[in-house]
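An overview of the molecular structure
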Amino acid sequence: MSLATQSMSELERVVLAQIDQERLVGRCAQLIEAPSENPGGSEERTVQLLRGMLEELGASVHLQQVAEGRPNLVAHLGGGNSGGGILFLGHSDVVPAGSGWHADAFTARREGDRLIGRGATDMKGGLAAIIEAMAAVHLQAPQIPLTLICTVDEEADALGISHYVNTEPSTPYAACIVAEPTDLVAIIGCRAAANMEVRISGSSAHAGRPADGASAIEAAAKLVALIGRDKMRLAKNGHPILGPATWNVGTLHAGHGTSIVPDAALLGIDRRLLPGENPQQVLDELLAAARLELDRSVELDGQQIGLEGTVQMFMPGFLAEPEAPLVLQACQSLRDLGSAGAYGIWTASCEAGFIAQHHLVPTVVLGPGDINSQAHQPNESVSIRDLCTAAGAYALIALRTFEASQG
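Please read all numbers here as calculations on a predicted model, not as lab measurements.

The antiparallel open sheet is built from three strands, whose spatial order is β4-β5-β16. Each edge of the open sheet carries a strand with a single partner, namely β4 (109-111) and β16 (381-383). Each strand axis lies, on average, 25° off the axis of its neighbour in the sheet, ignoring direction. The pairing of β4 with strand β5 (residues 114-116) spans three bridges and is classified as antiparallel. When the bridges of β5 are listed, arginine 109 appears paired with isoleucine 116. Relative to the sheet, helix α2 (residues 21-32) contacts β4 and β5, its axis offset from that of β5 by approximately 20°.

Spelled out as structure tokens, the structure:
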């Protein structure tokens, strides 16, 4: 790698020189060509490939069986296995390929500066950059502890990270880098995310006499309207850094036919939460407000309407101060490699909050690729130059974090 600036130490220059573009691209291509669609597949091929790459570096690797064919990976390299140093976090699953591809989604192909294939951006590019950085740092500074956690099921129900935090000790680390695609912007925080399901029960009747029943769809409409009003309230009371909490009604399943008053409806709801908000409390307050609304309804017999809700998935948020040492190191490392070195807030969610809470570790999300224009899209691709910059930034952050921890 030839982007080292004069402000770098000799060790940093030597480590960056170990980052090899073709090897990095080759690793990324191999990971793309080990399909790990979720739902619909298994992450095992990708995890075993990662295991082989890491063991070639001398890492100690152990797998956690989360479900059949779905192992988490935890790898330690350098400095013993007792934690410390830098922790990298990634996930092995990708969303289904879908349609619209110009060629096979799981055959990596290179066009100019782009490497194309499902997962190139989200997030096999990030995983390949982590391995390249770990190899470069370990070769020149084997005393630095480096750890990689790679989870399954990030794209669906977070089973992998939930298993990890429930079974692994809260080992101390100096810093955590989550290699999600951020377009090389250091993400210092994101809101928590909760998936909620609300079941509405009504009473069926013939459409010729709808008053004999109680429409679950009409009740669902009142709930959706209630959420819409609360959206406006939330928009006026945002966090100074993270912005406002939000609601989104993503799915509605209801009805048996146009001539039948619907007796059931099922809503799938996304709620982004701010620090201090509890998802179960938020859901309970929504259901209480909806119950009151239904009981007051003159056109709908609220007594025949039942409401039940569950929090199906919760992904905690995290927040680092803009002037925190890790944020400053990440931004400076990016600038030293010719990138803008900006920081920002993410509107998406990821597993960073689980790790920040479990290990009580300063955390940023930083990776190659753009989540908005590439992740989950047909013909997903990542810039090869950005892969190299990410690997270099990871290496510099590891070196500088370790040096700072030594006083």
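We now examine the nonpolar core. Leu54, Leu73, Phe88, Leu146, Ile177 and Tyr394 are the most contacted members of the largest nonpolar core, which has 71 residues in total. Among the elements that make up this core, the one with the highest residue count is helix α10 (residues 384-405) (13 residues). When sequence neighbours within four positions are dropped, the list of residues in contact with tyrosine 394 reads Phe88, Gly126, Ala129, Ile130, Ala133, Ile177, Ala179, Leu366, Gly367 and Pro368. In terms of nonpolar packing, the next biggest core, distinct from the first, is built from 29 residues, Val198, Ile200, Leu242 and Val282 among them.

Bringing the pattern of salt bridges into the picture now. Opposite charge on two side chains allows them to pair when their charged atoms are near. Enumeration according to the criterion identifies 17 salt bridges in this entry. The shortest N-O distance in the salt bridge between glutamate 380 and arginine 118 comes to 2.6 Å. Taken together, the residues glutamate 380 in the loop between β15 (363-365) and β16 and arginine 118 in the loop between β5 and α4 (120-140) connect sequence positions 262 residues apart. Residue glutamate 380 is classed as buried on the basis of its relative accessible area, which comes to 1%.

What follows concerns the pairing of strand β3 (residues 86-91). Most of β3 is tucked away: six of the six residues are buried. Residue alternation in β3 divides its side chains into two sets, Ile86, Phe88 and Gly90 and Leu87, Leu89 and His91, and both sets are buried. Inspection of the sheet shows β3 paired to strand β6 (residues 146-151) by six bridges, in the parallel sense. Bridge assignment links phenylalanine 88 to a residue of β6, and that residue is leucine 148. Judged from the four bridges that link them, β3 and strand β7 (residues 175-178) form a sheet pairing that is parallel. Each bridged residue has a counterpart across the sheet, and for leucine 87 the counterpart in β7 is cysteine 176.

What follows concerns the sheet that holds strand β9 (residues 192-201). One open sheet accounts for four strands, arranged β10-β11-β9-β12; its pairing is antiparallel. Each edge of the open sheet carries a strand with a single partner, namely β10 (246-254) and β12 (306-315). Sheet twist, expressed as the mean angle between neighbouring strand axes with direction ignored, is 20°. In this structure, β9 lies alongside β12, joined through nine bridges in antiparallel fashion. The residue bridging alanine 193 from the neighbouring strand is methionine 315, located in β12. Sitting on the sheet, helix α6 (residues 216-235) touches β9, β10 and β11 (264-273), and the angle it makes with β10 is about 170°.

Right, let's get into the packing of aromatic side chains. Counted according to the given criterion, the structure contains one aromatic pair. Over the ring of tryptophan 247 we find arginine 271; its NZ or CZ atom is 4.9 Å from the centre of that ring.

Next up on the list: α6. Helical geometry: 3.6 residues make up each α-helical turn, so side chains three or four residues apart lie on a common side. Given a rise of 1.5 Å per residue, 20 residues ought to cover 28 Å, and the 29 Å separating the end C-alpha atoms of α6 matches this to within 8%. Ala216, Ala219, Ala220, Lys222, Leu223, Leu226, Ile227, Asp230 and Leu234 are the residues of α6 that are buried. Here the buried residues of α6 occupy an arc of 155° about the axis, which is enough to place them on one side. In α6, the exposed residues that point more than 90 degrees away from the buried face are Met232 and Ala235. Of the surrounding secondary structure, the elements contacted by the buried residues of α6 are β9, β10, β11 and α7 (279-296). The distance from a side-chain oxygen at the start of α6 to the backbone nitrogen of isoleucine 217 is 3.3 Å, and the residue carrying that oxygen is serine 215.

If you trace the backbone, isoleucine 355 turns up in helix α9 (residues 352-359). If near-sequence neighbours (up to four positions away) are discounted, isoleucine 355 is found in contact with Leu87, Leu89, Ile149, Ile161, Tyr164, Cys176, Leu360 and Val361.

Residues asparagine 38 and proline 39 are joined by a peptide bond in cis, for which omega reads 0°. Tracing the sequence through the fold places proline 39 in the loop between α2 and α3 (44-56). Going from aspartate 122 to methionine 123, the amide bond is cis rather than trans, its omega being -10°. Mapped onto the fold, methionine 123 is located in helix α4. Phi angles above zero are rare outside glycine, and leucine 184 is one such case at about 60°. On the secondary structure map, leucine 184 appears in the loop between β7 and β8 (186-190). Positive phi outside glycine occurs at asparagine 379, with the angle close to 60°. Position of asparagine 379 relative to the elements: it lies in the loop between β15 and β16.

Conventions used here
Numbering of residues starts from 1 in every chain and runs along the sequence as written. Two thresholds apply to this predicted model, a pLDDT of at least 70 for residue-level local features and 80 or more for giving and counting side-chain atom pairs, whereas whole-chain, interface and lining totals are computed over all residues. The side-chain numbers reported here are obtained from all heavy atoms of the structure, hydrogens and water having been left aside. By the convention used here, strands pair only if DSSP detects at least 2 bridges between them. Going along the chain from the N terminus, every DSSP run of H or I of four or more residues is numbered as a helix, and every run of E of two or more is numbered as a strand. Helix axes are fitted only over the stretch in contact, all axes being lines through C-alpha atoms; the angle between N-to-C directions runs from 0 to 180 degrees. Contacts were defined at the residue level, with two residues in contact if any of their heavy atoms lie within 4.5 Å. Throughout this description, the term nonpolar core refers to a set of buried Ala, Val, Leu, Ile, Met, Phe, Trp, Tyr and Cys residues connected via side-chain atoms within 4.5 Å. Throughout this description, buried means an accessible area under 20% of the type-specific maximum (1.4 Å probe, protein chains only), exposed means over 50%, and partly exposed covers the range between. When a carboxyl oxygen of Asp or Glu lies within 4 Å of a side-chain nitrogen of Lys or Arg, that pair is called a salt bridge. Each Phe, Tyr or Trp ring, with Trp reduced to its six-membered ring, pairs with another whose centre is within 6.5 Å; inter-plane angles below 30 degrees give stacked pairs, above 60 give edge-to-face pairs, and intermediate values give tilted ones. Two conditions define a charge sitting above a ring: the NZ of Lys or the CZ of Arg must be within 6 Å of the ring centre, and it must be within 35 degrees of the ring normal. Expected span, for any helix, means 1.5 Å times one less than how many residues it has. Our arc is simply the arc of the directions from the helix axis toward the C-beta atoms. N or O atoms closer than or at 3.5 Å make up a polar contact, with two conditions inside protein: a donor-capable atom paired with an acceptor-capable one, and, for residues adjacent in sequence, both atoms drawn from side chains.

No statement about biological role is implied by the geometric values presented.
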